[in-house]
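Listed here are the chains, written in short residue letters.
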Amino acid sequence: MTSNTSDHAPGGTHPGEHGQHTGQMAEHDAHSERGGAHAGHGADHVTQFRRLFWINLIIAIPVVAFSSMFAMLVGYQLPDFPGAAFIAPALGTVMYVWGGRPFLTGAVAELRARTPGMMLLIALAITVAFLASWGASLGLLDHELEFWWELALLIVIMLLGHWIEMRSLAQTTSALDSLAALLPDEAERVEGDDVITVSPTDLRVDDVVIVRPGGSVPADGRIVDGSADMDESMVTGESRTVSRGVGDPVVAGTVATDSGLRVQITATGDDTTLAGIQRLVTEAQASSSRAQRLADRAAAWLFWFALGSAVITALVWSLLGNPDAAVVRTITVLVIACPHALGLAIPLVVSIATERAARGGVLIKDRLALESMRTIDAVLFDKTGTLTKGEPTITDVQTVGDVEPDTVLRLAAAAEADSEHPLAKAIVRAAQDRDLAVPRASGFHSSPAVGVTATVEGTKIRVGGPALLTEAAASEIPAADTWRDEGAIILHVMQNGAVIGGLRLADEIRPESREAVEALHALGVEVVMITGDADAVARTVAGELGIDRYFAGVRPEDKSAKVAELQHGGRKVAMVGDGVNDAPALAQADVGVAIGAGTDVAIASAGVILASSDPRSVVSVIELSRASYRKMQQNLWWAAGYNLLSVPLAAGVLAPIGFVLPMSVGAILMSLSTIVVALNAQLLRRLDLQPEASVRAVLNR
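It should be emphasised that the depicted structure is a prediction, and the values quoted were computed from it without experimental measurement.

### So, helix α23 (residues 617-651)
With 35 residues, α23 extends 51 Å from end C-alpha to end C-alpha; this agrees with the ideal 51 Å at 1.5 Å per step. At the C-terminal side of α23, Gly652 shows a positive phi close to 100 degrees.

### Examining the nonpolar core
Grouped together as the largest cluster of nonpolar side chains are 50 residues, with contacts concentrated most on Met95, Phe147, Leu151 and Leu159. Elements that contribute at least two residues to this core include exactly α1 (43-65), α3 (87-99), α4 (101-113), α5 (118-137), α6 (148-172), α10 (290-319), α11 (323-336) and α23. When residues of this core are assigned to their parent elements, the largest contribution, 11 residues, is made by α5. The contacts of Leu151, once residues within four sequence positions are left out, are Gly92, Tyr96, Ile126, Ala129 and Phe130. In this structure, Ile352, Met373, Leu520 and Leu624 belong to the second largest nonpolar core, which totals 49 residues.

### Here's the deal with the pattern of salt bridges
Here the structure, examined in full by the defined rule, presents 22 salt bridges. Two residues, Asp207 and Arg189, come together in a salt bridge whose shortest N-O distance is 3.3 Å. Pair noted here: Asp207 is in the loop between β2 (194-198) and β3 (208-211) and Arg189 is in strand β1 (residues 187-191), with a separation of 18 residues, a long-range link. When the shortest N-O distance is used, the salt bridge between Arg616 and Asp614 registers 2.7 Å.

### Looking at the confidence of the model for the protein chain
Of all residues in the protein chain, 80% attain a pLDDT of 70 or more, and the chain-wide mean is 80. Between residues 1-41, whose pLDDT stays under 50, and residues either more than four places distant or in other chains, the model counts 183 contacts.

### Some words on the sheet that holds β2
Taken in spatial order, the six strands make up an open sheet running β2-β1-β3-β9-β4-β7, and their pairing is antiparallel. One side of each edge strand has no neighbouring strand; the edge strands of this open sheet are β2 and β7 (249-250). By the bridge criterion, two bridges tie strand β4 (residues 220-225) to β7 in an arrangement that is antiparallel. Bridge pairing in β7 places Gly221 opposite Val250.

Rules used in this analysis
Every residue gets a number counted from 1 within its own chain, in the order that chain's sequence is written. Note on the predicted model: pLDDT of at least 70 is required for a residue's local features to be given, and 80 or more for side-chain atom pairs to be given and counted; whole-chain, interface and lining totals, by contrast, use all residues. Working from all heavy atoms in the structure, the side-chain values ignore hydrogens and water. For helices the rule is a DSSP run of H or I covering at least 4 residues; for strands it is a run of E covering at least 2, with both sets numbered from the N terminus onward. For a helix, the expected span equals 1.5 Å multiplied by the number of residues minus one. We define the nonpolar core as a collection of buried residues of types Ala, Val, Leu, Ile, Met, Phe, Trp, Tyr and Cys that are connected through side-chain atoms lying within 4.5 Å of one another. Under the scheme applied here, a residue whose accessible area is under 20% of the maximum for its type counts as buried, over 50% as exposed, and between as partly exposed, the area being computed with a 1.4 Å probe on protein chains only. Only heavy atoms enter the contact rule, under which two residues are in contact if any of them lie within 4.5 Å. In the sections that follow, a salt bridge refers to a side-chain nitrogen of Lys or Arg positioned within 4 Å of a carboxyl oxygen of Asp or Glu. pLDDT expresses, on a scale from 0 to 100, how confident the predictor is about each individual residue. Any two strands are treated as partners once DSSP identifies two or more bridges connecting them.

Here is the structure:
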């Protein structure tokens with residue numbers, strides 16, 4: 001981080017009043033639509049399928065009870081009253097037309113799009129069962145082909161499977177709903193001496209609004225009056241509140257937990273951070289992926305496999321002189337082969353993964369990025385603002401003689417209290433963190449490239465860099481050489497013309513960075529750091545964190561070349577940066593991960609965006625990617641494997657040894673497959689993606 005503000009001259013060659021130091025810190029689901037199959041899922045679909053399921057379940061009871069074949073199988077006599085024989089056909093027709101309508105319309109859409117798939121197979125199965133049952137009821141076909149009870153069972157179970165799917169998919173969009181719900185219904189706009197209640201949509205840039213204690217910020221803005229602890233968990237995923245005061249930015253939807261604020265609006269509507277997050281989640285859930293495309297192709301292949309199996313089944317059983325068995329076996333094949341579970345296997349997993357990530361402060365902008373993270377074997381971190389806090393911090397205080405370190409820091413903070421320089425703020429902040437009583441200073445004066453001078457407790461205190469020592473003909477403290485070798489910023493403190501101590505300032509390493517590096521190593525991932533800082537600074541940070549390799553003195557425009565260098569060495573690289581100067585490197589990497597506390601969510605170069613600045617979130621993304629891939633594999637094997645094994649059984653390949661898979665059992669097993677896939681995907685919801693939880697899980701293995 002380079003500063004041009006003039007107050008100090010730190011050790012080395014820092015520019016401006018702080019001079020210049022050799023190690024300066026130079027940088028800081030919506031479900032995929034497929035031809036009528038599952039297009040336009042949402043809350044209305046959940047309501048539709050829930051209503052259809054329960055009503056058709058009620059209708060199915062008399063259909064099954066008055067089905068002659070069911071009565072014969074179970075062993076009871078149907079009631080003998082006028083019209084009893086037509087209760088099952090009449091209500092079965094209602095179920096076919098009404099309960100089967102979603103599948104029939106989906107099949108028509110697939111035919112029009114020339115993309116045969118699961119809906120066409122479902123529609124084909126219930127249509128064949130419907131026609132065969134009417135034929136048997138009217139005496140046109142053998143009475144054994146009366147499938148009213150099986151038709152009712154099939155429709156009810158398919159509706160149940162769809163209801164579970166719709167509900168699961170609707171839950172994956174609850175993150176979007178909860179984000180939208182964070183915005184207040186009303187905003188209080190200040191107009192002169194009056195406060196007017198308006199809708200947040202009526203706010204304009206530069207309007208000033210009042211945010212009361214416990215209230216939500218209606219639009220992105222900057223605090224112009226007051227201070228408060230803000231709940232920013234919706235943006236960062238971090239549960240701890242963040243203190244915000246005058247001049248600090250606040251994000252729409254965040255909550256002032258303890259006191260009121262006046263906020264000047266800087267962005268409204270679609271330009272807000274919240275709107276950007278919503279767009280990213282929506283894009284992620286709508287984006288396609290390799291696994292998704294594989295599942296779609298598999299569903300299409302399964303259609304032709306099922307159709308071919310049905311034709312062969314019909315021909316073989318007919319040639320064997322058993323046309324009734326041919327119809328029964330053909331219908332069973334078509335029922336068993338419905339690739340509904342296969343179609344659900346991938347999109348549900350990815351949608352849930354996207355939603356879980358959003359709740360953990362990880363925004364998956366591109367599903368391909370989520371898939372690729374599991375293969376990453378090298379993570380390249382930008383140093384400043386990612387592994388470090390990106391701001392100077394007092395890391396050591398050395399004294400001369402009998403002076404206490406707290407005394408040196410207290411006097412330096414008093415002299416720096418009126419300065420706006422970043423290094424001055426770091427000194428004052430360090431004194432506050434140590435709860436030191438900082439006395440008042442008078443006669444404050446700053447000298448460009450030298451430092452500051454002030455009278456504190458009746459003594460003359462000066463704080464500055466090498467130019468200050470030269471001017472005062474004073475010597476450095478003994479630790480200065482070591483600090484300089486480490487690339488630190490060095491300031492000396494003088495009292496009445498004598499050096500009483502030195503201050504070491506550096507870009508402070510985030511405490512979470514050590515855990516992140518340790519966890520990545522546990523996952524078998526190489527950790528590499530890249531920075532524009534001098535080699536001494538990079539070497540010190542890399543050594544403290546245990547980083548495997550580092551690139552120092554790299555200009556922003558050259559970072560992408562370093563990514564390519566790692567890739568040419570056979571590495572799958574994830575680049576983690578702030579998304580601004582790192583855009584070319586983020587684009588070059590196999591996966592670009594932007595980190596930036598949720599204020600730069602529209603980064604086109606990154607596939608993954610970490611809403612918080614916690615580098616441990618990278619571990620969360622890798623864990624999510626690997627867990628999602630395992631679920632995809634499990635679901636694909638269950639769905640496709642089930643179909644491939646059950647179709648031959650339904651066709652009757654074991655008939656010579658006396659085993660024929662009944663259609664009823666086939667219908668139950670097929671829908672059970674769908675339910676198992678849906679429930680298996682739901683297990684992803686147990687994954688805790690909070691950064692500390694992810695790291696703990698990895699390190700405890």
